[in-house]
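Below are the chains, spelled out letter by letter.
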Amino acid sequence: MSGGTTKESAVWEYRSQYSLSLLDIDRLIDFVRKIVESWGEKVRIHLRAEEQSVQVPKAQMIRPAIERTGSFGSLSYIAVSVLHSFLITADFRVGELRVACKNEKLLHEFGNKWEECFKTGSIAKDLLSIAVPLEGSRFLFACLAENGSLNESPGGKTRLDNVFLVPCLKELGMTHISTRFADFLKGIPNPDGGWGPSPGMSSRALSTASVVLILVGSGQKEQAKRAVDFLLSNRLPDGSWASDANSQILTTAISALALCQYGVKDDILRSSVLFAKNQLRQRSEGIENDSLALGALRIMKIDIQDLITQIRNRLPESIEAITDTDSKITAVVSLVNLLLDMGVKTSDLRIQHAIDFLINSRNSDGGWPVKRSNQSLLYPTILAMLFFNRLGYFR
Amino acid sequence: MGGGGPTISRRPGKVVPPREVSRRISEMTREMIREKRAIRIDKIRREGERYMEEVKNKIDPFLNDHGPGHVERVVQNVNNVTSVLDEATFSEKEMGRKVNEEDKFLLEAAGRLHDIGRAMDTAKQHGLLSADFVREHKELFDSEEQQEHAAKLCELHNEAGTREYGTDNLVELSRKGIIDKETAFRASVLRVADALDVGEKRVKTNSQGRPGEEVIDELRQSSGDEAKQYLPHWYGHKGIKDCGLRMTNGKLTMKISLNTQFTEEHGSDIAFRIKDFLRDVNSTIVRGSYEISFANEDKSRIREWYKDYNEIFSDETEGVKAHFVE
């Protein structure tokens, strides 16, 4: 938690943007309860949901009042105030906690109290199905630039070698983002018809295939023709595409998927599919890439059951082994996706353990970093959101 | 056209020049379109009222009016806001043109149906449900495109309905190309028009048509805390006489008239209603372009009220000039 304090016209302010998630509601209720304890009946608790405002006398009544007025998804703000002393606004529309008061000492007191409640309180797990889509879409919208490019982070750069999951936003009901991105992409191919990892860089198979997937997924197939030609003419004799050693299987699987989605016939893709399958049998690029490559083959309706059985032997014995604080979030999601592929039930402790790990790794801006406590990024965020969707959280 | 061109004669001996013929044909076509739209609007109005009547009891009776009275006021506000924003050149700036008949039709259609989702399953936001209703009633519109435009306006009319986009800010949605500029303009008109129904008329009755005073009495006398939670909302509305958007001396002005008898006892309730109203307005293209004029028969009392309670809506009025008028 980090907030900024300023003094404006005799009012001290604490603002902490993107510090507040719907999942923090119980921490906030605890915070309000403590304020009421110290200030008594003078405190007014006011909230707005579904255009309706209500005033509740006790912190404990916040949750029932939201449920009665509308739903947690329509919660606009909760304001806690004592006239002429302070106004605390938990603004769920932008995910910001603001404290305004006339006294600097009091401001720090509130700041400390909030941080204490934040540290000791727990996440409102029952609101996951609302918070993950809503706040995730807020993060993704922040990544979208005005020119339509989809940046790696809000205000960051565009990377095209890891946007192959963007078409899956359709599954999350977020086609508006992928369509807008497709509009941007069709204007910037390289002269050879391909795309590089960043706009302007020399063309690579993985970036080009990702763009084909986005264009085709957005109904702009005709715009992908030159990119498809690039992929077909740069395919190696063994059916693979040149890439660094750590991602050749993934590059080949994603490129084959892109061509398949475009409508290239199966017999033309046979050697690429065979290459990906053989490589997955013989060696590993790591859980993350293997899981994604398998996913691509599954979408192509390739039988992968034998591969799953083989990969099972490569998985770590327990999920705890990879969910320490230093673990890559993308690797954990890939692992649990593999477990689900193997028919493991969602009630399985390993899946539940992974869910807890993911909730605790999520940033308050609604996004996920590659590693805990880092900046949220586009790719792990989409991956994690897709995982929660697979578990039924978006219904 | 010179004397040699073709001419059409309506009456023997009276020759109408071709330019005049074409003008008359255009005028007749426009008139026919207007009539057709008026018939459509009437159908929409009747269908909206019929459906609302059928399901109105599903709306929480302790909520203020979301029924036919509110709908009529929103439609009136839509017309007023449209012409004010047209006059203030917002339409030119946003859409590169003046407001046309199609804009007016879509706004009235959406204005009539925007809250219909209130009476449906509450698990989904009502704006989205209203949009679903529009999408299910193809027969009310001329084309699928028109139907979709109207549905979009219902979806965008409030904060909650736009959450799935990642923001409710219509300016940001338009700037990032998620909605086009015409939609941003129309949705802004509807959102402002809806928000402007923040005055005492909103609590004259509840959605079922029960007199507001009776509802307030029941809420006041109820033993549980739960019902009483609604009272500040009702008082907040009662404290606002009227609210309107107009051009005053070339400036866009939001005039908020307060009821003096309420400012003392329910000052903060009024301030919270104004906060909510301004939150809605500030998520539209109007943000940062208007001044507020607080009006009351007693200027000094309104100043006192403002001094006491303006901190409640200070976030929403940051950078906004406020006046006080009698």
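Just so it is clear, the model here is predicted, and its values are computed rather than measured.

## Remarks on the overall build of chain A
Secondary structure summary: chain A contains 14 helices and seven strands in total. The buried share of chain A, reckoned over its 395 residues, is 60%. When contacts within chain A are restricted to residue pairs at least 6 apart in sequence, long-range pairs at least 24 apart make up 65% of them. For chain A, the accessible surface area stands at approximately 15,900 Å², while carbon and sulfur atoms represent 49% of it. Across chain A, 46 positive and 43 negative side-chain charges occur, with their mean positions spaced 2 Å apart.

## So, the domain arrangement of chain A
Residue and element names in this part refer to chain A. As assigned here, chain A comprises domain 1 (4-123) and domain 2 (126-144 + 315-395). Distance between the C-alpha centres of domain 1 and domain 2: 28 Å. Taken residue by residue, the interface counts 16 residues in domain 1 and 13 residues in domain 2. The junction of domain 1 with domain 2 conceals about 1,100 Å² of combined surface from both sides, 63% of it contributed by carbon and sulfur atoms. At the boundary of domain 1 and domain 2, one finds one salt bridge. The residue D126 makes a salt bridge to R63 at a minimum N-O spacing of 2.9 Å. Where domain 1 packs against domain 2, one counts five residue pairs in polar contact (both at pLDDT 80 or more). Among the residues making up the side of domain 1 that touches domain 2, the classes are represented as nine nonpolar, four polar and three charged.

## Some words on the pattern of salt bridges
Here the structure, examined in full by the defined rule, presents 68 salt bridges over all chains. Salt-bridge contacts for R68 of chain A lead to D60 of chain B; the nearest nitrogen and oxygen are separated by 3.8 Å. With R68 of chain A in helix α2 (residues 62-69) and D60 of chain B in the loop between α1 (18-55) and α2 (68-87), this pair bridges two chains. Here R68 of chain A falls in the partly exposed class, since its relative accessible area comes to 31%.

## What about helix α10 (residues 287-299) of chain A?
All names here are of chain A. The end-to-end C-alpha separation of α10 is 18 Å, in line with the 18 Å expected for 13 residues at 1.5 Å each. Among the 13 residues that make up α10, ten are buried, leaving the element largely enclosed by the rest of the structure. Residues E288, N289, D290, S291, L292, A293, L294, G295, A296 and L297 constitute the buried set of α10. The secondary structure elements touched by the buried residues of α10 are α8 (248-262), α9 (266-282), α11 (305-312), α12 (329-341) and α14 (378-390). Immediately downstream of α10, the backbone of K301 shows phi near 65°, a positive value.

## A short note on the packing of aromatic side chains
One pass over the structure, following the stated rule, counts 19 aromatic pairs over all chains. Each residue in the set F294, W305, Y306, F313 and F324 of chain B is aromatic and connected to the rest through ring pairs, giving one cluster. Of note, R362 of chain A hangs over the ring of W368 of chain A, and the distance from its end group to the ring centre comes to 5.8 Å. One Lys or Arg, K93 of chain B, reaches over the ring of F90 of chain B and ends 4.8 Å from the middle of that ring.

## Concerning the interface of chain B and chain A
One widely used convention gives an interface's size as the accessible area the parts lose upon coming together. Taken together, the contact pairs 49 residues of chain B with 46 residues of chain A. With both sides pooled, the region where chain B packs onto chain A buries about 4,200 Å², and carbon together with sulfur makes up 44% of that total. Interface area lost by chain B to chain A is led by R163, K176 and Q229 of chain B, which between them contribute 18%. Along the contact surface separating chain B from chain A lie eleven salt bridges. Here E146 of chain A makes a salt bridge to R175 of chain B, at a shortest N to O gap of 3.9 Å. Looking at the side of chain B that touches chain A, the elements that each hand over two or more residues are α7 (170-175), α10 (225-228), α11 (231-238), α13 (267-281) and α14 (299-309) of chain B. Of the residues forming the side of chain B that touches chain A, the biggest block, eight residues, is contributed by α13 of chain B. Within the side of chain B that touches chain A, the residues separate by chemical class into twelve nonpolar, 13 polar and 24 charged.

## Overview of the pairing of strand β3 (residues 240-248) of chain B
Here β3 of chain B runs beside strand β4 (residues 251-258) of chain B; their pairing, made up of eight bridges, is antiparallel. Within β4 of chain B, the position partnered with R246 of chain B by the bridge is T253 of chain B.

## Focus: the packing of α10 of chain A against α12 of chain A
All names here are of chain A. The N-to-C vectors of α10 and α12 enclose an angle of 45°; their axes lie 8 Å apart at closest approach. Here α10 is positioned oblique relative to α12, judged by the angle of their axes. In this structure, α10 crosses over α12, and the sense of that crossing is left-handed. Along the contact surface, α10 presents I287, E288, S291, L294 and R298, while α12 presents T330, A331, S334, L335, N337, L338 and D341.

## A few points about the packing of helix α6 (residues 144-156) of chain B against helix α8 (residues 181-195) of chain B
What describes two packed helices is the angle between their axes and the distance between those same axes. Residue and element names in this part refer to chain B. The geometry of α6 relative to α8 is characterised by a closest axis approach of 9 Å and an angle of 50° between their N-to-C directions. One element, α6, and the other, α8, form an angle in the oblique class. For the pair α6 and α8, the crossing hand works out as right-handed. Where α6 approaches α8, its residues H149, K152, L153 and L156 are matched on the opposing element by T183, R186, A187, L190 and R191.

## Some points on the nonpolar core
In globular proteins that are soluble, nonpolar side chains generally tend to be buried together. Among the nonpolar cores identified, the biggest contains 225 residues, and I78 of chain A together with W305 of chain B are the most heavily contacted of them. Two domains each donate at least three residues to this core, and these are domain 1 (4-123) and domain 2 (126-144 + 315-395) of chain A. Non-local contacts of I78 of chain A, meaning those with residues more than four positions away in its chain, are made with I25, L28, I45, H46, L47, I62, I88, T89, A90 and F92 of chain A.

## Some points on the sheet that holds strand β5 (residues 290-295) of chain B
All names here are of chain B. Spatially, the four strands line up as an open sheet ordered β3-β4-β5-β6, and their pairing is mixed. Every other strand in the sheet has two partners, leaving β3 and β6 (322-325) as the edge strands with one partner each. Ignoring strand direction, the axes of neighbouring strands in this sheet form an average angle of 25°. Its contacts with the sheet place α13 against β3, β4 and β5, and it is angled at close to 155° to β4.

## Re the confidence of the model for chain B
Residue and element names in this part refer to chain B. Mean pLDDT for chain B: 90, with 95% of residues reaching 70 or above. Across chain B, α8 holds the top mean pLDDT of 97, while strand β1 (residues 8-11) sits lowest at 56. Scoring of the predicted complex yields 0.89 for pTM and 0.89 for ipTM.

## Considering the side chain of N282 of chain B
As for its placement among the helices and strands, N282 of chain B is situated in the loop between α13 and β5. In this structure, N282 of chain B is in contact with R287, Y290 and E316 of chain B, ignoring residues within four places of it in sequence.

## A few points about the pairing of strand β7 (residues 96-101) of chain A
Residue and element names in this part refer to chain A. Of all six residues in β7, six are buried, a share of seventy percent or more. By the alternation rule, side chains of β7 split into E96, R98 and A100 and L97, V99 and C101, which are all buried. With six bridges connecting them, strand β6 (residues 86-91) and β7 associate as antiparallel partners. Within β7, the residue paired with T89 across the bridge is R98. Hairpin remark: β6 followed by β7, antiparallel, with four residues in the connecting loop; positive phi at G95, about 70°.

## Details of unusual backbone geometry
Positive phi outside glycine occurs at E50 of chain A, with the angle close to 50°. Take E50 of chain A: it is sitting in the loop between β3 (44-49) and β4 (52-56). Residue E50 of chain A is classed as buried on the basis of its relative accessible area of 6%. One non-glycine residue, T89 of chain B, lies in positive phi territory at about 60°. With respect to the helices and strands, T89 of chain B occurs in the loop between α2 and α3 (90-95).

What counts, and at which threshold
Residues numbered from 1 in each chain as written. Chains lettered and ligands numbered in written order. Predicted model: local features only at pLDDT ≥ 70, side-chain atom pairs only at ≥ 80, totals over all residues. Heavy atoms only, no water. Helix = DSSP H or I, 4+ residues; strand = E, 2+ residues; numbered from the N terminus. Buried < 20%, exposed > 50% of the residue type's maximum accessible area, 1.4 Å probe, protein only. Contact = heavy atoms within 4.5 Å. Areas by Shrake-Rupley, 256 points an atom, 1.4 Å probe, with all protein chains shown as cover. Lys, Arg positive; Asp, Glu negative; His and termini not counted. Charge placed at Lys NZ, Arg CZ, Asp CG, Glu CD. Domains from an automatic or database assignment. Buried area = accessible area lost by both parts, 1.4 Å probe. Salt bridge = Lys/Arg side-chain N within 4 Å of Asp/Glu carboxyl O. Polar contact = N/O pair within 3.5 Å; in protein donor to acceptor, adjacent residues only side chain to side chain. Nonpolar A, V, L, I, M, F, W, Y, C, P; charged D, E, K, R; others polar. Expected span 1.5 Å × (residues − 1). Phe/Tyr/Trp six-rings, centres within 6.5 Å; stacked < 30°, edge-to-face > 60°. Lys NZ or Arg CZ within 6 Å of the ring centre and 35° of its normal. Pairing = 2+ DSSP bridges. Axes fitted to C-alpha atoms, helices over the stretch in contact; angles between N-to-C directions. Parallel < 35°, antiparallel > 145°, perpendicular 65-115°, else oblique. Left-handed = near helix turned anticlockwise from the far one by under 90°. Core = buried A, V, L, I, M, F, W, Y, C linked by side-chain atoms within 4.5 Å. pLDDT = per-residue confidence, 0-100.

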